[in-house]
Amino acid sequence: MITRCDFERVVFQRSDLSKAIFNHSVFRYSKIDSSLLEGASFFDVTVQNSELAYCDLTDVLLFLRQGIFKTVRCSKNVLTKPVIAMPIVLQDKLIFAPLIRQSLEENGALCLMIEASPSNEVNGELLEQEIIGALSSGCLGKQKGPEFLSLADRVLSEALPGSQVYHVTKLANQVMAYADGLLLPGGDSMAREWYGQSSEPLFDHENWEKACMEFALLKSALDSKKPKMGFCLGSQRINVFLGGTLKDVEGQWGFFQDLQRGSSLGAKKFQQEEMKLEPNEPFISFSCHEQAVDQMSPLLNLIFDFDGIPKLMVSQERGFVMASQVHPEIYRYIDEVMGNLGKYKEIEMEVVSSEGQITYIQNPEIVANVSRINNRIYGIFMEKVKDNQLSFRT
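Because the structure is a prediction, the values reported are computed rather than measured. (Residues numbered from 1 in each chain as written. Predicted model: local features only at pLDDT ≥ 70, side-chain atom pairs only at ≥ 80, totals over all residues. Heavy atoms only, no water.)

**Focus: the sheet that holds strand E8 (residues 70-72)**
Stage number 1. A sheet is described by the order of its strands in space; here four strands give the open sequence E2-E4-E6-E8, paired in parallel fashion. Looking at the sheet topology across the chains shown, the edges are occupied by strand E2 (11-13) and E8. In this sheet, adjacent strand axes meet at a mean angle of 10° when their direction is disregarded.
Stage number 2. Of the pairings in the sheet, the one linking E2 to strand E4 (residues 31-33) comprises three bridges and is parallel in character. Residue pairing across strands places Gln13 opposite Asp33, the latter belonging to E4. (Pairing = 2+ DSSP bridges. Helix = DSSP H or I, 4+ residues; strand = E, 2+ residues; numbered from the N terminus. Axes fitted to C-alpha atoms, helices over the stretch in contact; angles between N-to-C directions.)

Here's what the structure looks like:
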């Protein structure tokens, strides 16, 4: 990952820069020559007197801020796959983020990885003051209002031009203008003040820049009716932004769980038609969280739960929405690490039922099916993204 760099009189020659991230960088009198660039990202890049030579520019994310690369015998810059925006925190250990990116790419996406904490774009201290002030005096404990989906929606919608919150919304809109869909990954727990409750101490343990940016991206995707999907914290962001609340939970950390099916007609239809599940076929996935949905947004439909905790929810509110408390990208770990690239020879999968019973699965066919069903979650999302595209980029 190469972000916010000043490339002055730098030459990349015969380099493999596939999927490299040059976001927010500056190229001055520099050259990329005869190099691999598929999936590379140049979001918000400034270019001065620089060139691309003898490069295939198919599926290169040339989302420049200023200037243009001179091209010498390069192919035309055409995007043949949908672009999915995914915010990440560069300082985090990124346990699941690489698996999520691989899962999206395997299902036909180009990933636009962006900074979830735009500390170089906004004044973080002022942003925190604005949000806390809005939640304390303007929103906290009050009705969200009929014109708003939630307190988070109200904070963003009522931000004044020139404010730090308003600037974050503009950044999010800039990102989503290039993207065909949004994926919100996991992270640390969310401050209760976002859904009208109090934490002790008040407003503790929150990355306000990250929270504001992810809510702003979600709002932009909702407003433009682009498909969005969230995992773990990302699913909680979706629930809270759509009017739900959260609670602290125990016993949900680091387990494969045999999930229970939702019983509504919509849930049964999604299980059968979208997930392609047989009537008695289980959905086993990996759970790793300390907060969970308490009151589910009325705009979400419960598809799977575990011991009363919603684990998979969907909606058609302003375009397709999928919120997954579990981590279906775990199929990449099963396939590549535990399964020796899909051979599943030495796996013993410990699965917990909602009754607390533990089962050890060793049958390679069953393990392979667990992987297939989890991969299907990504397949569903990408199908919705492709269906939503209005035109092909040229």
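That was the structure; now back to the text.
**Comments concerning the environment of Val367**
Stage number 1. Looking at the secondary structure, you find Val367 in helix H9 (residues 364-388).
Stage number 2. A C-alpha to C-alpha distance of 9.6 Å links Val367 and Tyr331, two positions 36 residues apart in sequence.

**Quick notes on the packing of helix H1 (residues 97-106) against H9**
Stage number 1. Direction vectors running N to C along H1 and H9 enclose 60°, while the axes themselves pass 9 Å from each other. Between H1 and H9, the angle falls in the class oblique. The hand of the H1/H9 crossing is right-handed. Mapping the contact onto sequence places Ile100, Ser103, Leu104 and Glu106 in H1 and Asn375, Tyr378, Phe381 and Met382 in H9.
Stage number 2. Looking at side-chain class alone, the contact of H1 with H9 contains five nonpolar, two polar and one charged residues. (Parallel < 35°, antiparallel > 145°, perpendicular 65-115°, else oblique. Left-handed = near helix turned anticlockwise from the far one by under 90°. Contact = heavy atoms within 4.5 Å. Nonpolar A, V, L, I, M, F, W, Y, C, P; charged D, E, K, R; others polar.)

**Quick notes on the packing of aromatic side chains**
Centre-to-centre distance and the angle between the planes together describe a pair of aromatic rings.
Stage number 1. This structure, assessed with the given rule, holds 18 aromatic pairs.
Stage number 2. Aromatic pair Trp194 and Trp208: ring centres 5.8 Å apart, planes at 45°, arrangement tilted. Of the two residues, Trp194 is situated in the loop between strand E11 (181-184) and helix H5 (208-223) and Trp208 in helix H5; the sequence distance between them amounts to 14 residues.
Stage number 3. Here Arg9 stacks its cationic end above the ring of Tyr29, 4.8 Å away from the centre of that ring.
Stage number 4. A cation sits over an aromatic face here: Lys384 above Phe320, 5.5 Å from the ring centre. (Phe/Tyr/Trp six-rings, centres within 6.5 Å; stacked < 30°, edge-to-face > 60°. Lys NZ or Arg CZ within 6 Å of the ring centre and 35° of its normal.)

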